[in-house]
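Here is how the chains run, residue by residue.
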Amino acid sequence: MSELNIELNSPKILSADEFAKIKAGFGGKKIVFTNGCFDILHAGHVDLLSRAREQGDLLVLGLNSDKSVRSIKGEKRPVTKQQQRAFVLAGLACIDYVIFFDEDTPYNLINKVQPDVLIKGGDWSVNNIVGRDIVEGRGGEVLSLPLLPGYSTTGVIRHIRENEIE
């Protein structure tokens, strides 16, 4: 069987500069922003992303680069490389754009995107959401949406380890 030669790319995966160039064409569309590592995509992620998209006209996802994930989660992470994570996320209908960031937080990216709505999962209090000052300073909204109970990347990894799944 021959190996497929697939380039894991999508027109939805952009740099911050590429996004800035097309943003002017959005007119009065309400831009929603969320971010995360999305190392192993699970139902909790898809649920949160779908509900985030319902808060506006476009959903921009800031995706931690591999360097950023290692800095936050440790040397054994990410499990899945950034281009693969971006490709899978770009395949979701609820996501309009995926933009990588290298820093530990998406603060600089939020400043470039200038979203109307900033969303994180319910494990973040609104007061602790990075970029809140930027969004609220423009009259935007910052939301912490409840998480789907029982789903986490850490839980998936733990299950794989405990059950010796390869």
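None of these values were measured; they are calculated from a predicted model.

### Quick notes on unusual backbone geometry
The bulk of non-glycine residues show a negative phi, and the bulk of peptide bonds are trans.
Then step 1. At the junction of Arg77 and Pro78, the peptide bond is cis and its omega measures out at 5 degrees in the coordinates.
Then step 2. Among the secondary structure elements, Pro78 is positioned in the loop between helix H3 (66-73) and helix H4 (82-90).
Then step 3. Phi is positive for Phe38, close to 50 degrees, though the residue is something other than glycine.
Then step 4. Looking at the element boundaries, Phe38 is found in the loop between strand E2 (31-36) and helix H2 (43-53).
Then step 5. Among the residues examined, Phe38 registers a relative accessible area of 8% and is labelled buried.

### Some remarks on the sheet that holds E2
Then step 1. If you trace the six strands from one edge of the open sheet to the other, you get E1-E4-E3-E2-E5-E6, paired in parallel fashion. Each edge of the open sheet is held by one strand with a lone partner, namely strand E1 (13-14) and strand E6 (141-145).
Then step 2. Where E2 lies against strand E5 (residues 117-121), two bridges are found, and the strand directions are parallel. Pairing of Phe33 across the sheet is with Leu118, part of E5.
Then step 3. Of the strands in this sheet, E2, strand E3 (58-64), E5 and E6 touch H2, which is tilted by about 140 degrees from E3.

What counts, and at which threshold
- Residues numbered from 1 in each chain as written.
- Predicted model: local features only at pLDDT ≥ 70, side-chain atom pairs only at ≥ 80, totals over all residues.
- Heavy atoms only, no water.
- Helix = DSSP H or I, 4+ residues; strand = E, 2+ residues; numbered from the N terminus.
- Buried < 20%, exposed > 50% of the residue type's maximum accessible area, 1.4 Å probe, protein only.
- Pairing = 2+ DSSP bridges.
- Contact = heavy atoms within 4.5 Å.
- Axes fitted to C-alpha atoms, helices over the stretch in contact; angles between N-to-C directions.

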